[in-house]
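Close look at the chain arrangement
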Amino acid sequence: MAEADFDAIVVGSGCAGAVAAYELAKAGKSVLVVERGNFAGAKNMTGGRIYSHSLKKVFPDFEQEAPLERKITHERMAFMDPESQMAIDFTSPELAEEAKDSYSVLRAPFDQWLASKAEDAGAEYIYGIAVEELLKDERGKVVGVRAGEDEITAEVTIVAEGVNSLLCERSLGNPRPKPSQMAVGIKQVFELPAAQIEDRFLVPEGEGAAMLFVGDCTHGNVGGGFLYTNKDSISLGLVATISLAADGANETPVYQMLEDFKNHPAVAPIIRGAKLVEHSGHMVPEGGYDMVPRYVFDGALVAGESAGLCMNMGYQVRGMDFAVASGQMAGLAAVKALNAGDTSASGLSSYKTAMEDSFVIKDLETFRRWPHVMEGWSNMFTDYPVMAREIFNALFSVDGEPQKPLARRMMPIVKKRGLLKLAGEVRKAVKSL
Ligand SMILES: Cc1cc2nc3c(=O)[nH]c(=O)nc-3n(C[C@H](O)[C@H](O)[C@H](O)COP(=O)(O)OP(=O)(O)OC[C@H]3O[C@@H](n4cnc5c(N)ncnc54)[C@H](O)[C@@H]3O)c2cc1C
């Protein structure tokens, strides 16, 4: 067989692809990255905050080099009904500790930095063209890609084209995710001077806040809202299930939910006077472990969201740290297979072993029940935020009438929902978390 054009081809230069390319180039392998955007990050979107642990393993000096927005040291989770918000607000020095820290990022600058690391290490890039198909030899081994008119060959191909991978479906035979496993995210970015961000979010200079919202932000449907502070802007958005977004009977389209969310009394003051500068939408895989497909093939590996690696726990959203870690593991497994002269599925199998031994597959497996619990837990998005409002109104309202003891004020509110039912629901949720 003719010699391949490259040792490796990487499809997509998001978090997973750029890191895989970096590892291959660093090991002296010839690697081509094909990115459909006109530049890395052109088409990418996240909430978003990246937990830094996996990035640090690839780039120990990332904190000095990467275009990070703010170190997140202020967390908030909020239950909303149409007029109220009950929030858990948390700050702690542990959130800023090395390897436990997390940062808000904007994908256009962040992905360009990741791509520059791969390019500096020796990776070649083609921008502005999409890979349409994986090439295979007569035995079915992946031997490269077709992008536009070009057929380019490689010993190993790493598919890192993000969510809803058509290459995995069409060329590798992985199943299309079910609608229940997919969500749609929409996000807007608002410019606000750094000092105002620090005042409004009560954070020291350079530090930032992450907020997750449940309840009225999605009009009581499964999903949630998010807010992250950047250096001088705020990322604000919603994630809703695809079935909700596609349901013609749903009276409120997702973009209207975002408008209503922005006008909620707990959110409007945060973005008051801020200038809307960006609007984007993207899909998010939400099926957890049960949607992770096969990710090692003869001549090919699958990394990042193309392998379904994403986890939305309601209190943590993780996709970028999974993408970085899986990109690194795929890159290193490809190097190992190339060095051994065996890029068959068996030669590439160290990727599967590394993934299964890592937090990526372990965390997805540990929390595999959570997506199902959330789907069937409508009270979480409807009645619980109302209950929180009633409880906290009973706690904080003083009208001069003689007050009943606290327990007698609370019990009717809880009993109305059925104490046993409530305890059962909470127990089930806690077990899946
Ligand atoms: C609304 C929203 C909020 C989120 N919030 C967070 C968060 O706060 N924290 C977090 O960790 N994660 C978050 N995520 C998830 C996170 O963004 C993803 O898990 C992560 O970006 C996946 O990285 P990836 O490299 O697998 O894919 P991507 O970053 O999507 O990169 C894929 C790349 O492949 C390119 N590409 C696609 N098809 C082709 C093709 N055929 N040929 C060539 N190039 C191609 C794309 O242009 C892109 O550059 C969020 C996602 C959304 C949508």
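Residues numbered from 1 in each chain as written. Predicted model: local features only at pLDDT ≥ 70, side-chain atom pairs only at ≥ 80, totals over all residues. Heavy atoms only, no water.

Thoughts on the overall build of the protein
When helices and strands are tallied, the protein shows 17 helices and 19 strands. Relative to the globule expectation of 22 Å for 433 residues, the C-alpha radius of gyration of the protein, 23 Å, shows essentially globular dimensions. Taken over the C-alpha atoms alone, the protein extends approximately 90 × 45 × 40 Å along its principal axes. Burial status across the protein gives 54% buried among its 433 residues. Of the roughly 19,300 Å² of accessible surface on the protein, a fraction of 52% belongs to carbon and sulfur atoms. (Helix = DSSP H or I, 4+ residues; strand = E, 2+ residues; numbered from the N terminus. Rg over C-alpha atoms; globule rule 2.2 N^0.38 Å. Buried < 20%, exposed > 50% of the residue type's maximum accessible area, 1.4 Å probe, protein only. Areas by Shrake-Rupley, 256 points an atom, 1.4 Å probe, with all protein chains shown as cover.)

Remarks on the site of the ligand
If you check the shell around the ligand, you find 35 residues, and the closest are E35, R49, R107, E305 and M320. Here R107 contributes a side-chain N or O atom positioned 2.6 Å from an oxygen atom of the ligand. Take Y228: an N or O atom from its side chain is 3.3 Å from an oxygen atom of the ligand. Looking at the shell around the ligand element by element, the count peaks at three residues for strand β15 (residues 275-285). Among the residues making up the shell around the ligand, the classes are represented as 16 nonpolar, 12 polar and seven charged. Of the residues that make up the shell around the ligand, three or more belong to each of domain 1 (6-67 + 106-177 + 290-366) and domain 2 (183-285). (Near = heavy atom within 4 Å. Polar contact = N/O pair within 3.5 Å; in protein donor to acceptor, adjacent residues only side chain to side chain. Nonpolar A, V, L, I, M, F, W, Y, C, P; charged D, E, K, R; others polar. Domains from an automatic or database assignment.)

Structural notes on the nonpolar core
Residues F110, I158 and Y351 are the most contacted members of the largest nonpolar core, which totals 100 residues. The element that contributes the greatest number of residues to this core is helix α10 (residues 320-340), accounting for 12 residues. If you count residues domain by domain, this core takes at least three from each of domain 1 (6-67 + 106-177 + 290-366) and domain 3 (373-432). The contact partners of Y351, leaving out residues within four places of it in the chain, are Y295, V296, L301, V302, A303, S326, M329, A330 and A333. (Core = buried A, V, L, I, M, F, W, Y, C linked by side-chain atoms within 4.5 Å. Contact = heavy atoms within 4.5 Å.)

Structural notes on the packing of helix α1 (residues 15-26) against helix α4 (residues 107-121)
Describing two packed helices takes the angle between their axes plus the distance from one axis to the other. Relative to each other, α1 and α4 sit at 15°, their axes nearing to 7 Å. Between α1 and α4, the crossing angle belongs to the class labelled roughly parallel. Regarding α1 and α4, the two cross each other, and that crossing is left-handed. Taking contact as the criterion, the partners of C15, A18, V19, A21, Y22, A25 and K26 in α1 are, on α4, R107, F110, L114, A115, K117, A118 and A121. Each residue belonging to the contact of α1 with α4 can be placed in one class, and the counts come to 11 nonpolar, no polar and three charged. (Axes fitted to C-alpha atoms, helices over the stretch in contact; angles between N-to-C directions. Parallel < 35°, antiparallel > 145°, perpendicular 65-115°, else oblique. Left-handed = near helix turned anticlockwise from the far one by under 90°.)

Digging into the pattern of salt bridges
For side chains of opposite charge, pairing can occur when their charged atoms come near one another. Taken as a whole, this structure holds 24 salt bridges when the rule is applied. In this structure, the salt-bridge partner of E132 is R146, at a minimum N-O distance of 3.1 Å. With E132 in strand β8 (residues 131-136) and R146 in strand β9 (residues 142-147), this residue pair connects regions lying 14 residues apart in the sequence. Taking the shortest distance from any N to any O, the salt bridge between D363 and R318 comes out at 2.9 Å. A residue pair is termed long-range when its members are at least 10 positions apart, and D363 in helix α12 (residues 359-366) and R318 in strand β19 (residues 317-318) qualify at 45 residues. Neither D363 nor R318 differs from the other in exposure class; each is buried. (Salt bridge = Lys/Arg side-chain N within 4 Å of Asp/Glu carboxyl O.)

A closer look at the environment of S92
Considering the arrangement of structural elements, one finds S92 in the loop between β5 (85-91) and β6 (102-104). S92 sits in the buried class, given a relative accessible area of 14%. Expressed as a C-alpha distance, the spacing of S92 and T73, which sit 19 residues apart in the sequence, is 6.7 Å. One polar contact links S92 to E94, side chain to side chain, over a distance of 2.8 Å.

Overview of the pairing of strand β11 (residues 182-191)
In terms of burial, β11 is a largely internal element, nine of the 10 residues being buried. As defined by bridge partners, β11 adjoins β15 across 10 bridges and the pair is classed as antiparallel. Bridge assignment links V184 to a residue of β15, and that residue is M283. With nine bridges joining them, β11 and strand β14 (residues 233-241) adopt antiparallel strand pairing. From the neighbouring strand, V184 faces β14, where its bridge partner is A240. (Pairing = 2+ DSSP bridges.)

Thoughts on α1
Between its first and last C-alpha atoms α1 spans 16 Å; for 12 residues at 1.5 Å apiece the expected length is 16 Å, and the two agree. Extensive coverage of α1 is indicated by the burial of 11 of its 12 residues. Residues of α1 that are buried include every one of C15, A16, G17, A18, V19, A20, A21, Y22, E23, L24 and A25, and no others. Just beyond α1, the residue with positive phi is G28, at close to 85°. (Expected span 1.5 Å × (residues − 1).)

Here we look at the domain arrangement of the protein
For the protein, the assigned domains are domain 1 (6-67 + 106-177 + 290-366), domain 2 (183-285) and domain 3 (373-432). Centre-to-centre separation of domain 2 and domain 3, based on C-alpha positions: 26 Å. Taken together, the contact between domain 2 and domain 3 spans six residues of the former and six residues of the latter. Across the interface of domain 2 and domain 3, roughly 460 Å² is buried in total on both sides, 76% from carbon and sulfur atoms. Together, V214, G220 and V222 form the three largest contributors to the area buried by domain 2 at its contact with domain 3, with a combined 78%. Split by residue class, the side of domain 2 that touches domain 3 holds two nonpolar, four polar and no charged. (Buried area = accessible area lost by both parts, 1.4 Å probe.)

Structural notes on the packing of aromatic side chains
Summed over all chains, the structure comprises 10 aromatic pairs. Between the aromatic rings of F110 and W113, the centroid separation amounts to 6.0 Å while the plane-to-plane angle is 35°, which identifies the pairing as tilted. Within this pair, F110 and its partner W113 are both found in helix α4, separated by three residues, close to a single helical turn. The same class applies to F110 and to W113, which are both buried. (Phe/Tyr/Trp six-rings, centres within 6.5 Å; stacked < 30°, edge-to-face > 60°.)

Regarding the packing of α10 against α12
Running from amino to carboxyl end, α10 crosses α12 at an angle of 135°, the nearest separation of the two axes being 10 Å. The angle between α10 and α12 places the two elements in the oblique class. Counted together, D321, F322, A325 and M329 of α10 and F359, V360, D363 and L364 of α12 form the full contact between these two elements.

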